[in-house]
Amino acid sequence: MSTTEQTTELIPDAVARQIVLPEGHRDNDALFEAYRWLRENNPLGRAVVDGYDPLWLVSKHDDIMEIERQPDIFTSAGGENKGSVNPILANQAGDEFTKSINNGSLRILETLTYLDPPEHTEIKDIAFDWFRPTNLAKWEATIRDLAKASVARLLETDGRVDFVKDFALHYPLHVIMSLFGVPEEDEPRMMALTQEFFGTADPDAVRDDVEPLTPDAAAKQWVATIQDFYAYFEQLLQDRRAKPRDDLATIISQARDKNGEYYPSEVAYGWFIAIATAGHDTTSSTLAGGMLELGRHPNQLAKAKADLTLAPHLVNESLRWASPVKHFMRQATQDYTLRGRDIKKGDRFMLLYQSGNRDAEVIADPDRFDITRRPNKHIAFGYGPHMCIGQHLAKLELRIMFEELLPHIESLRLVDDTKMIQTNFVGGLKNMPVQIEFSA
């Protein structure tokens, strides 16, 4: 490759740092401007950021889908060398720390994110049927009761609330823990661990047992939080194996492999952690992001209130807009050509779902929040084999909440600045101070 070709691939440092570094995600406007620059000027470019391995930033919707649909070529787990890659972007110091305590492997969790087919398919099948819409339908009344109770508590306030901290965080957590089988009194612990799990790079979420600002601090917090989850979920696992119930924890705990043996405990832990974290954090971020835009666009709020059959479309637009899962990493297992670029075996890719969901080639007028958008080809849940298994539950929770909440909301306006969680992985609004006027 010539020097000129190498140069044209390289992303300007300011753009690369805005997207790659967790602190770049504190400024949503600057972040989405960086995404826009990529799509228009270098949609598949190489980022070289100090402290990180070189990587390709994938900003276009179609390129993300092309990678996602080919897990044999673009591995999440390392292909033949299982555990050799991290499906979540970490700096070099963080990856070295993980390998140092995990026998040289980056596979720190036995969960779907760290697996490739066919192993991915086998582990996914443990609970796949539970997440089907036909099974979730029997839980709709329970979820609606939880939504009504949450709305009732909001209506007892004067409307001056932090919509994230006082409302959006709690409803999805209560839903998933109720269906999962975790006692309500343990929900605060699950909330705290989730915030530590996804907030590894956020100064406000640093654990007391982790030294902040060190290069490997995020990885150390990630590992420490996983161990705390393990300690809690070991009790849950043994309880459900001894005393099965009608809940998701029992289905996972009772799962057996093709030889009729229980899966290793780490497989159950991986499922439990995925459900206990992504199972509510992403939904709360979407709920808050959607309500913020309804508050900013009173015509959209009025339209949603006037026709609650639009709730499923509001859900999809909120998912597209918030895109709380910001990235996953993939690695090429062979040479490949993508968007005219020569990809080499071993090259790493950061799939930018937020950017793909603002791609004007696929999403018309993408910077406009439109609850009537149809079709809505968002990829907030990913695509291909790794498409989020919990997507139908998340959509159900959000639809029900919008149906229960919107009839009571006359207006919603910000009364102070919002902040974003400092993370390049999963997250959204950290706070959302608002004044809500309730309908008579």
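Here the structure is a predicted model, which is why all the values come from computation and not from measurement.

Draft legend 1. Up close: the side chain of Q354. Here Q354 is to be found in helix α17 (residues 353-356). Discounting chain neighbours no more than four positions away, the residues touching Q354 are L31, F32, Y35, A322, S323 and K326.

Draft legend 2. Spatial organisation of the nonpolar core. Membership of the largest hydrophobic core comes to 115 residues, with the highest contact counts inside it found for F163, F233 and W271. Broken down by element, this core gets its largest block of residues, 13 residues, from helix α14 (residues 265-296). If we ignore the near neighbours within four places in the chain, the residues touching W271 are E110, T111, L112, I123, K124, I126, A127, F131, I252 and I389.

Draft legend 3. The pairing of strand β12 (residues 433-438), seen in detail. Bridge count for strand β4 (residues 160-162) against β12 is 3 bridges, and the pairing is antiparallel. Bridging across to β12, R160 finds its partner in Q435. As paired strands, strand β9 (residues 409-414) and β12 are joined by 5 bridges and run antiparallel to one another. Counted as the bridge partner of R413 is Q435 from β12.

Draft legend 4. Main features of helix α12 (residues 217-242). Its 26 residues place the ends of α12 38 Å apart at the C-alpha level, agreeing with the 38 Å of an ideal helix rising 1.5 Å per residue. The axis of α12 is deflected most strongly, by about 30 degrees, at F233.

Draft legend 5. Main features of the pattern of salt bridges. Here the structure, examined in full by the defined rule, presents 28 salt bridges. Taking the shortest distance from any N to any O, the salt bridge between K60 and D359 comes out at 2.8 Å. With K60 in the loop between β2 (55-58) and α4 (61-68) and D359 in the loop between α17 and α18 (391-405), this pair connects stretches of sequence that are 299 residues apart. Across this residue pair, the class does not change: K60 and D359 are buried. Among the salt bridges present, the one from E403 reaches R399, with a minimum N-O distance of 3.1 Å. Pair noted here: E403 and R399 are both in helix α18, with a separation of 4 residues, about one helical turn. The class for E403 is buried, based on a relative accessible area of 18%.

Draft legend 6. Quick peek at the layout of surface pockets. Taken as a whole, the second largest pocket spans an internal volume of roughly 610 Å³. Around the second largest pocket, the lining comprises 25 residues; the ones closest to its centre are N28, D29, F32, R296 and W321. Listing elements by their share of the lining of the second largest pocket, those giving two or more residues are α3 (28-41), α14, α16 (311-322) and β10 (419-420). Of the residues in the lining of the second largest pocket, the class split is 7 nonpolar, 7 polar and 11 charged.

Draft legend 7. Region of the structure containing the side chain of K60. Taking relative accessible area as the criterion, K60 reaches 5% and is therefore assigned buried. Only 2.8 Å separates the side chain of K60 from the side chain of D359, close enough to count as a polar contact. Within the structure, K60 has its side chain in polar contact with the side chain of E361 (distance 3.4 Å). For K60, the contacting residues outside a window of four places in its chain are R39, P43, R339, G356, D359 and E361.

Draft legend 8. Geometry of the packing of helix α11 (residues 187-198) against α14. Taken N-terminus to C-terminus, the directions of α11 and α14 make an angle of 85 degrees; their axes are 10 Å apart at the nearest point. Judged by the angle between their axes, α11 and α14 are roughly perpendicular. Together, M190, M191, T194, F197 and F198 of α11 and I273, A276, T277, A278, H280 and D281 of α14 make up the contact between the two elements. For the contact of α11 with α14, the per-class residue count stands at 7 nonpolar, 3 polar and 1 charged.

Draft legend 9. Up close: the packing of α14 against α18. Direction vectors running N to C along α14 and α18 enclose 40 degrees, while the axes themselves pass 10 Å from each other. Put simply, α14 runs oblique to α18. Like other packed secondary-structure pairs, α14 and α18 cross with a definite hand, here right-handed. When α14 is examined against α18, the residues G279, T283, T286, L287 and M291 are found in contact with a partner set consisting of A394, E397, L398, M401, F402 and L405. Taken together, the residues that form the contact of α14 with α18 break down as 7 nonpolar, 3 polar and 1 charged.

Draft legend 10. Local environment of helix α8 (residues 140-155). In this model α8 runs 22 Å from its N-terminal to its C-terminal C-alpha over 16 residues, within 8% of the 22 Å that 1.5 Å per residue would give. Every buried residue of α8 is listed here: I143, R144, L146, A147, S150, V151 and L154. Each buried residue of α8 lies within a common arc of 160 degrees when the element is viewed along its axis, so the set occupies one face. In α8, the exposed residues that point more than 90 degrees away from the buried face are A141 and D145.

Draft legend 11. How the structure looks around the packing of aromatic side chains. Applying the stated criterion across every chain, the model contains 16 aromatic pairs. An aromatic cluster is defined as three or more aromatic residues linked by ring pairs; in this entry it consists of F180, F229, Y232, F233 and F272. Positioned above the aromatic ring of W56, the side-chain terminus of R46 is 5.2 Å from the ring centre. A cation over a ring is seen here: R241 above Y262, with NZ or CZ 4.0 Å from the ring centre.

Draft legend 12. Expanded view of the environment of R373. Tracing the sequence through the fold places R373 in the loop between α17 and α18. For R373 and T309, which are 64 residues apart along the polypeptide, the C-alpha to C-alpha distance reads 13 Å. Contacts of R373, omitting those with residues within four sequence positions, involve H313, E317, R320, I363, A364, D365, P366 and R368. Of note is the side chain of R373, whose polar atom sits 3.1 Å from the side chain of E317.

Parameters and conventions
Going along each chain's sequence as written, the residues are numbered from 1 onward. It should be noted that, the model being predicted, local features are given only for residues of pLDDT at least 70 and side-chain atom pairs only at 80 or more, the latter also being counted only at that level, while totals for whole chains, interfaces and linings use all residues. Side-chain calculation: all heavy atoms of the structure are included, whereas hydrogens and water are not. Helix numbering and strand numbering both begin at the N terminus, where a helix is a DSSP run of H or I of at least 4 residues and a strand a DSSP run of E of at least 2. The contact criterion used throughout is that any non-hydrogen atoms of two residues lie within 4.5 Å. The term nonpolar core refers to a set of buried residues drawn from Ala, Val, Leu, Ile, Met, Phe, Trp, Tyr and Cys, joined through side-chain atoms within 4.5 Å. When a residue's accessible area, from a 1.4 Å probe over protein chains only, is under 20% of the maximum for its type it is buried; when over 50% it is exposed; and in between it is partly exposed. Only when DSSP finds a minimum of two bridges between them are two strands counted as paired. An expected span of 1.5 Å times one less than the residue number is assigned to each helix. To get the bend at any residue, fit one axis to the seven residues that end at it and another to the seven that begin at it, then take the angle between the two axes. Any carboxyl oxygen of Asp or Glu that lies within 4 Å of a side-chain nitrogen of Lys or Arg is treated as forming a salt bridge with it. Definitions used for this entry: grid spacing 1 Å over protein atoms alone; cavity, a set of points where a 1.4 Å probe fits but cannot get out; pocket, an open set with protein on both sides within 12 Å along at least 5 of 7 lines; lining residue, one with an atom within 4 Å of a point. Grid points are joined across faces, edges and corners, and a volume is the space filled by probe spheres set on the points. Each residue is assigned to one of three groups, with Ala, Val, Leu, Ile, Met, Phe, Trp, Tyr, Cys and Pro labelled nonpolar, Asp, Glu, Lys and Arg labelled charged, and all others, Gly among them, labelled polar. In the analysis that follows, any N or O atom pair within 3.5 Å is treated as a polar contact, provided that within protein one partner can donate a hydrogen and the other can accept it, and provided that, for residues neighboring in sequence, both atoms belong to side chains. Here the axes come from fitting lines to C-alpha atoms, over the contacting stretch only for helices, and the angles between their N-to-C directions go from 0 to 180 degrees. An angle below 35 degrees is treated as roughly parallel, one above 145 as roughly antiparallel, one from 65 to 115 as roughly perpendicular, and anything else as oblique. Each crossing gets its hand from how the near helix is turned against the far one by less than a right angle, where anticlockwise is left-handed and clockwise is right-handed. Arc definition: directions from the helix axis to the C-beta atoms. Here the aromatic set is Phe, Tyr and Trp, taking the six-membered ring for Trp, and pairing holds for ring centres within 6.5 Å; pairs whose planes are under 30 degrees apart are stacked, those over 60 apart are edge-to-face, and all others are tilted. In this analysis the charged atom, NZ for Lys or CZ for Arg, is taken to sit over a ring once it is within 6 Å of the ring centre and within 35 degrees of the ring normal.

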